[in-house]
Amino acid sequence: MAELLSIEQLSFAWPGQANLLNIDSLSLKPGDRLFIKGPSGSGKSTLLGLLAGILKPNSGRLRILGQDLARLSGPQRDRFRANHLGYIFQQFNLLPYLPVMENVTAALIFSPHKRKQLTASPKQEAARLLAALQLPDALWQQPVHRLSIGQQQRVAAARALIGRPALVIADEPTSALDADNRTAFMELLFAECEHAGSGLVFVSHDSALEPLFSHVTSLKQLNGANDAEPGL
Ligand SMILES: Nc1ncnc2c1ncn2[C@@H]1O[C@H](COP(=O)(O)OP(=O)(O)OP(=O)(O)O)[C@@H](O)[C@H]1O
């Protein structure tokens, strides 16, 4: 089976700026869970943009499921992202006036692959995920803007997980939560990734979450080739 993620000799600089990322190597197997830490401004979101194929490396190679994203055209990259990735954004990026249920099933619209992965109807699978993430069913037909931040976060997680993507990318999704809610959310997220067989790349500057992950690295380690942990 192809590796979930492999990076070799990758460099990236924003236009007119010095190199921000110089990653000698990073690899993950299907289902692996990686925590990436690093202070604000160190390049965590930039790295996630590269993983999602929203940004292109200046040099080197980045493969997801064996596919070098830089070799795909823009529309092919969009399709690859829709089919194989689930993304939980820092600000969730939900559609505020659409009901919860439609926000979750929206992830299937541009993804024949995710639709094929379903074992029930889109609504049934969205309902299963929302229930598993403990969002009360009284809220499922409510527009998202009426939900609390913690509730919106569960909707964003359900949207990222529907259709069993190979890789779920999460950019500081717990930053608006208190410690109790954070731990509960992480347990649910892990359980659902396991159920779906999804790998997880999770970015945060909250090192309290670090012990929950089998693989941990930092932007500093990634950028200094010799400091990386074995296997990372
Ligand atoms: N669209 C952009 N154009 C130019 N420079 C950018 C852009 N986005 C980010 N940068 C620069 O890249 C650097 C890293 O930013 P990035 O958002 O990746 O950091 P981060 O580690 O995710 O920070 P935070 O924890 O605050 O979210 C910063 O110096 C930032 O100014």
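Residues numbered from 1 in each chain as written. Predicted model: local features only at pLDDT ≥ 70, side-chain atom pairs only at ≥ 80, totals over all residues.

- Where an unreviewed UniProt entry is consulted, the protein chain appears under the name ATP-binding cassette domain-containing protein, with the organism given as Oceanimonas smirnovii.

### Details of the overall build of the protein chain
1) Next: Looking only at helices and strands, one finds eight helices and nine strands in the protein chain.
2) Next: The C-alpha radius of gyration computed for the protein chain amounts to 17 Å, which stays within 12% of the reference 17 Å derived for 232 residues, consistent with globular compactness.
3) Next: Summarising its shape, the C-alpha atoms of the protein chain cover approximately 50 × 40 × 35 Å along the three principal directions.
4) Next: Within the protein chain, the fraction of its 232 residues that count as buried is 37%.
5) Next: Within the protein chain, contacts between residues separated by at least 24 positions form 73% of all contacts whose residues are at least 6 apart in sequence. (Helix = DSSP H or I, 4+ residues; strand = E, 2+ residues; numbered from the N terminus. Rg over C-alpha atoms; globule rule 2.2 N^0.38 Å. Buried ≥ 20, exposed ≤ 12 C-beta atoms within 10 Å, placed from the backbone. Contact = placed C-beta atoms within 7 Å.)

### Some points on the sheet that holds strand β5 (residues 67-68)
1) Next: On the basis of which strands lie adjacent, the open sheet formed by four strands has the order β2-β1-β4-β5 and antiparallel pairing. Two strands close off the open sheet at either side, each with one partner strand: β2 (21-28) and β5.
2) Next: Strand direction decides the pairing type here: strand β1 (residues 5-12) and strand β4 (residues 59-64), joined by five bridges, are antiparallel. Bridging from a neighbouring strand, isoleucine 7 pairs with leucine 62 of β4. (Pairing = 2+ DSSP bridges.)

### With respect to the nonpolar core
1) Next: With 56 residues, the main nonpolar core has Val104, Val155, Ala158, Leu167, Val168 and Ile169 as its most contacted residues.
2) Next: Ranked by residue count, the leading element in this core is helix α6 (residues 149-161), at six residues.
3) Next: For valine 168, the residues in contact, after removing those within four places along its chain, are Gly86, Ile88, Ala160, Leu161, Cys193, Ser198 and Leu200. (Core = buried A, V, L, I, M, F, W, Y, C linked by C-beta atoms within 7 Å.)

### Quick look at the site of the ligand
1) Next: Around the ligand, the neighbouring residues are Trp14, Leu20, Gly38, Ser40, Gly41, Ser42, Gly43, Lys44, Ser45, Thr46 and His205.
2) Next: Split into classes, the residues belonging to the shell around the ligand amount to two nonpolar, eight polar and one charged. (Near = placed C-beta within 6 Å. Nonpolar A, V, L, I, M, F, W, Y, C, P; charged D, E, K, R; others polar.)

### A look at the packing of α6 against helix α7 (residues 179-196)
1) Next: Between α6 and α7, the least distance of the axes is 11 Å, while the angle of their chain directions is 15 degrees. Of the possible angle classes, the one that applies to α6 and α7 is roughly parallel. With respect to the hand of their crossing, α6 and α7 are arranged in right-handed fashion. Contacts between α6 and α7 involve Gly150, Gln153, Ala157 and Leu161 from the former and Asn181, Phe185, Leu189, Glu192 and Ala196 from the latter.
2) Next: Here the residues of the contact of α6 with α7 are counted per class, giving five nonpolar, three polar and one charged. (Axes fitted to C-alpha atoms, helices over the stretch in contact; angles between N-to-C directions. Parallel < 35°, antiparallel > 145°, perpendicular 65-115°, else oblique. Left-handed = near helix turned anticlockwise from the far one by under 90°.)

### A short note on helix α1 (residues 44-51)
1) Next: Turning to α1, its buried residues number three or more, namely Lys44, Leu47, Leu48, Leu50 and Leu51. One side of α1 carries all its buried residues, which in axial view fall inside an arc of 155 degrees.
2) Next: Downstream of α1 by one or two residues, glycine 53 has phi in the positive range, about 75 degrees. (Arc of directions from axis to C-beta.)

### Description of the confidence of the model for the protein chain
1) Next: Here the protein chain averages 90 in pLDDT, and 96% of its residues register 70 or above.
2) Next: For residues 226-232, every residue scores under 50 in pLDDT, and the model assigns this stretch eight contacts once sequence neighbours within four places are set aside.
3) Next: At the level of chain-chain contacts, confidence expressed as ipTM amounts to 0.97, with global pTM at 0.90. (pLDDT = per-residue confidence, 0-100.)

### Quick look at the sheet that holds strand β3 (residues 33-37)
1) Next: Pairing within the open sheet is parallel, and its five strands lie in the order β6-β7-β8-β3-β9. Whereas interior strands pair on both sides, the edge strands pair on one side only; in this sheet they are β6 (85-88) and β9 (215-218). The mean angle between the axes of side-by-side strands here comes to 15 degrees, regardless of whether they run parallel or antiparallel.
2) Next: Judged from the four bridges that link them, β3 and β9 form a sheet pairing that is parallel. In the sheet register, leucine 34 faces β9, and the bridge partner there is histidine 215.
3) Next: In the packing of α1 onto the sheet, contacts are made with β3, β7 (167-171) and β8 (199-203), and the angle to β7 comes to roughly 155 degrees.

### Re unusual backbone geometry
Glycine aside, a negative phi is what most residues show, and trans is what most peptide bonds show.
1) Next: One non-glycine residue, glutamine 134, adopts positive backbone phi at about 60 degrees.
2) Next: Its location among the elements puts glutamine 134 in the loop between α5 (122-132) and α6.
3) Next: The phi angle at arginine 164 is positive, at roughly 50 degrees, despite the residue not being glycine.
4) Next: For arginine 164, the position within the fold is in the loop between α6 and β7.
5) Next: Residue arginine 164 is classed as buried on the basis of its C-beta count, with 21 C-beta atoms lying within 10 Å.

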